[in-house]
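Chain residues, written in single-letter form:
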Amino acid sequence: MTIVSSPDRNWLAEIHPTVREAQPSGIVEVFDYGRGRQGLIPLWVGEGDLPPPASVSEAVKASLDRGETFYTAQAGIPPLREAIAAYMTRVYGVAPGGGAFNPESFFVTIGGMHAIEIATRLTLGPGDEALIPSPAWPNFVGAIETSGARAVPVPLGRVGRWSLDPNRLADAVTPATKVIFLNSPANPTGFIATREEIAATLALARERGLWIVADEIYGRLTYDGARAPSFHDVMALDDKILFVQTLSKNWAMTGFRVGWLEAPPALGPVIENLVQFTTSGVPVFTQRAAIAALNDGESFLSSQIERFRRSRDILCDGLAATGRVRFCEPEAAFYLFFQVDGFPDSRALALRLIDEAGVGAAPGSAFGPGGEGHLRICFARDPTQIEEATRRILRWLKK
Ligand SMILES: Cc1ncc(COP(=O)(O)O)c(C=O)c1O
């Protein structure tokens, strides 16, 4: 006999309110609406259409052939922690406090999202508050609110470019504030915080005793040839900063689920506990893939950036020519966040674009205050496909 639960049982009433009341991602709603539509060009999620470099997949196969299928070190395998430290030294120069980066500062996670989850657990609990410059990627709010803390959006400025006003951040600090989440370069706006904006945020954090969670995962996906300014450029050894990183975007490895948290080595035992109690570690074969990407992935990364730049220019030039679309040109990452005159309801607009133009975009309302009235398009795809998507939007706008 199959035992089924009563249809009248209110299961939602039985679970903890902090998770019951977490808002679903507005991106997922639109994605579910349009998923599987014939001929639709899907530009709603933050990933491209290329596989990772061949050496990455080969590293996975070789690892499996060696039988690396067992539980492993909670902090990550030592060769990956060493490869991350060497990569960071190459890209960021000196470590906080001087010298090369220390492998003990890096904790391997299941993608950037797991690093965000651990950073949240380290810094926030019920009743605490976290400041988030907004519009922002909704998963920050999700991680914060499912921990029982409160996400406090702080609007980004927008005069010619998106910008971060440290005075607005300072005004939002209360006795309950414990952390500032700063994602730069940012999803969804493509905004890059300047070195001055980063330094001012750090000064505020120091003055008020706050942590900073610095999500710098798009730091190398910039269009001016240099990496983006980083908290690494301005911090001292004892600053309370946790860095979120991932292999997902630079090396087209979203499905590998591997990233890292950078934190003071003294927190190692606590972070290892949190890894143990959440995922119990990252598969060794994906860690081998990460080593291959970090050691041999520079030419792949450069070719991705060139491809993204072409797609960005096609999309921006096409939309700008209509005179009906407004945006700040993205300086980094691979998203265009734009407004269409006369369409204030972004959810309705995203649904219409699916039905009437065959293009899947994310609604700006999903990105919190300041996001409504916008759409986000991920242009990390083949330029010919972005050209076709642009054509479809233009045709639709002319109707
Ligand atoms: C700003 C930001 N941080 C973190 C992540 C998570 O990356 P991952 O896929 O490695 O979990 C994303 C993914 O879109 C992101 O946009």
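Residues numbered from 1 in each chain as written. Predicted model: local features only at pLDDT ≥ 70, side-chain atom pairs only at ≥ 80, totals over all residues. Heavy atoms only, no water.

## Considerations on the overall build of the protein chain
Inference 1: Per the secondary structure count, the protein chain includes 14 helices and 15 strands.
Inference 2: Taking 2.2 N^0.38 as the reference for a compact globule, 399 residues should give roughly 21 Å; the C-alpha atoms of the protein chain span a radius of gyration of 21 Å, in line with that estimate.
Inference 3: Counting only C-alpha atoms, the protein chain reaches 60 × 60 × 55 Å along its principal axes.
Inference 4: Of all intrachain contacts in the protein chain linking residues separated by at least 6 positions in sequence, the fraction that spans at least 24 positions is 74%.
Inference 5: Taken as a whole, the protein chain presents about 17200 Å² of accessible surface, with 55% of it coming from carbon and sulfur.
Inference 6: Positive and negative charge centroids in the protein chain, built from 38 and 44 side chains respectively, lie 4 Å apart. (Helix = DSSP H or I, 4+ residues; strand = E, 2+ residues; numbered from the N terminus. Rg over C-alpha atoms; globule rule 2.2 N^0.38 Å. Contact = heavy atoms within 4.5 Å. Areas by Shrake-Rupley, 256 points an atom, 1.4 Å probe, with all protein chains shown as cover. Lys, Arg positive; Asp, Glu negative; His and termini not counted. Charge placed at Lys NZ, Arg CZ, Asp CG, Glu CD.)

## Brief notes about the state of the cysteines
Here a disulfide denotes one covalent bond, and it connects the sulfur atoms of two cysteines.
Inference 1: Under the defined criterion, the tally for this structure stands at zero disulfides.
Inference 2: The thiol of Cys316 is unpaired, and the distance to the nearest cysteine sulfur, on Cys328, comes to 11 Å. (Disulfide = S-S within 2.5 Å.)

## Structural notes on the site of the ligand
Inference 1: Close to the ligand lie 14 residues; Gly112, Asp215, Thr246, Ser248 and Lys249 are nearest.
Inference 2: Interatomic distance of 2.7 Å between a backbone N/O atom of Gly112 and an oxygen atom of the ligand.
Inference 3: Thr246 places a polar side-chain atom, nitrogen or oxygen, 2.6 Å from an oxygen atom of the ligand.
Inference 4: Bound to the protein, the ligand loses 93% of the 390 Å² it would expose on its own. (Near = heavy atom within 4 Å. Polar contact = N/O pair within 3.5 Å; in protein donor to acceptor, adjacent residues only side chain to side chain.)

## Quick word on the packing of aromatic side chains
One pair of aromatic rings is described through two measures. These are the centre distance and the angle between the planes.
Inference 1: Counted under the stated rule, the structure contains 14 aromatic pairs.
Inference 2: Between Trp162 and Phe337, the ring centres sit 6.2 Å apart and the planes meet at 50°, which makes this aromatic pair tilted. Here Trp162, found in strand E6 (residues 161-163), pairs with Phe337, found in strand E12 (residues 335-340); they are 175 residues apart in sequence, far enough to count as distant.
Inference 3: Residue classification places Trp162 among the buried residues on the basis of a relative accessible area of 6%.
Inference 4: For Phe337, a relative accessible area of 1% translates into the label buried.
Inference 5: Centre to centre, the rings of Phe308 and Phe334 are 5.2 Å apart; their planes meet at 80°, and the pair counts as edge-to-face. With a gap of 26 residues between them, Phe308 in helix H12 (residues 298-320) and Phe334 in the loop between strand E11 (325-327) and E12 connect regions that are remote in the sequence. Here the two residues Phe308 and Phe334 agree in accessibility, since each one is buried.
Inference 6: Of the aromatic side chains, those joined through ring pairs into one cluster are Tyr87, Phe101, Phe106, Trp251 and Trp260.
Inference 7: Positioned above the aromatic ring of Tyr33, the side-chain terminus of Arg37 is 4.9 Å from the ring centre. (Phe/Tyr/Trp six-rings, centres within 6.5 Å; stacked < 30°, edge-to-face > 60°. Buried < 20%, exposed > 50% of the residue type's maximum accessible area, 1.4 Å probe, protein only. Lys NZ or Arg CZ within 6 Å of the ring centre and 35° of its normal.)

## Some remarks on the domain arrangement of the protein chain
Inference 1: Once the domains are mapped, the protein chain shows domain 1 (14-51 + 299-398) and domain 2 (59-296).
Inference 2: The distance between the C-alpha centroids of domain 1 and domain 2 comes to 24 Å.
Inference 3: At the junction of the two partners, domain 1 supplies 35 residues and domain 2 supplies 31 residues.
Inference 4: Seen at the junction of domain 1 and domain 2, the total is zero salt bridges.
Inference 5: Put simply, domain 1 and domain 2 have 15 residue pairs in polar contact (both at pLDDT 80 or more) between them.
Inference 6: Residue assignment for the side of domain 1 that touches domain 2 shows that the elements contributing at least two residues are helix H2 (17-20), H12, E11, E12 and strand E15 (374-378).
Inference 7: Looking at the side of domain 1 that touches domain 2, the element that brings in the most residues is H12, giving seven residues.
Inference 8: Residues belonging to the side of domain 1 that touches domain 2 are distributed by class as follows: 21 nonpolar, eight polar and six charged. (Domains from an automatic or database assignment. Salt bridge = Lys/Arg side-chain N within 4 Å of Asp/Glu carboxyl O. Nonpolar A, V, L, I, M, F, W, Y, C, P; charged D, E, K, R; others polar.)

## Here we look at the sheet that holds E12
Inference 1: The strand order E11-E12-E15-E14 describes an open sheet built from four strands, whose pairing is antiparallel. Since the sheet does not close on itself, it has two edges, and those belong to E11 and strand E14 (362-363), each with one partner.
Inference 2: Pairing geometry for E12 and E15, over five bridges, is antiparallel. By the bridge assignment, Phe337 is partnered in E15 with Arg376. (Pairing = 2+ DSSP bridges.)

## Quick notes on the pattern of salt bridges
It is possible for side chains of opposite charge to pair when their charged atoms get near one another.
Inference 1: A complete count under the given rule lists 22 salt bridges for this structure.
Inference 2: A salt bridge links Asp32 to Arg35; its shortest N-O distance comes to 2.4 Å.
Inference 3: Judged by relative accessible area, Asp32 falls into the partly exposed class, the value being 39%.
Inference 4: For the salt bridge of Glu356 with Arg352, the shortest nitrogen-to-oxygen distance reads 3.1 Å.

## A closer look at the environment of Arg121
Inference 1: Turning to its location among the elements, Arg121 is positioned in helix H6 (residues 111-123).
Inference 2: Arg121 gets classed as partly exposed once you look at its relative accessible area, which sits at 45%.
Inference 3: Linking Arg121 and Ile271, residues 150 residues apart in sequence, is a C-alpha distance of 9.4 Å.
Inference 4: Leave out the neighbours within four places in its chain, and Arg121 touches Leu274 and Thr278.

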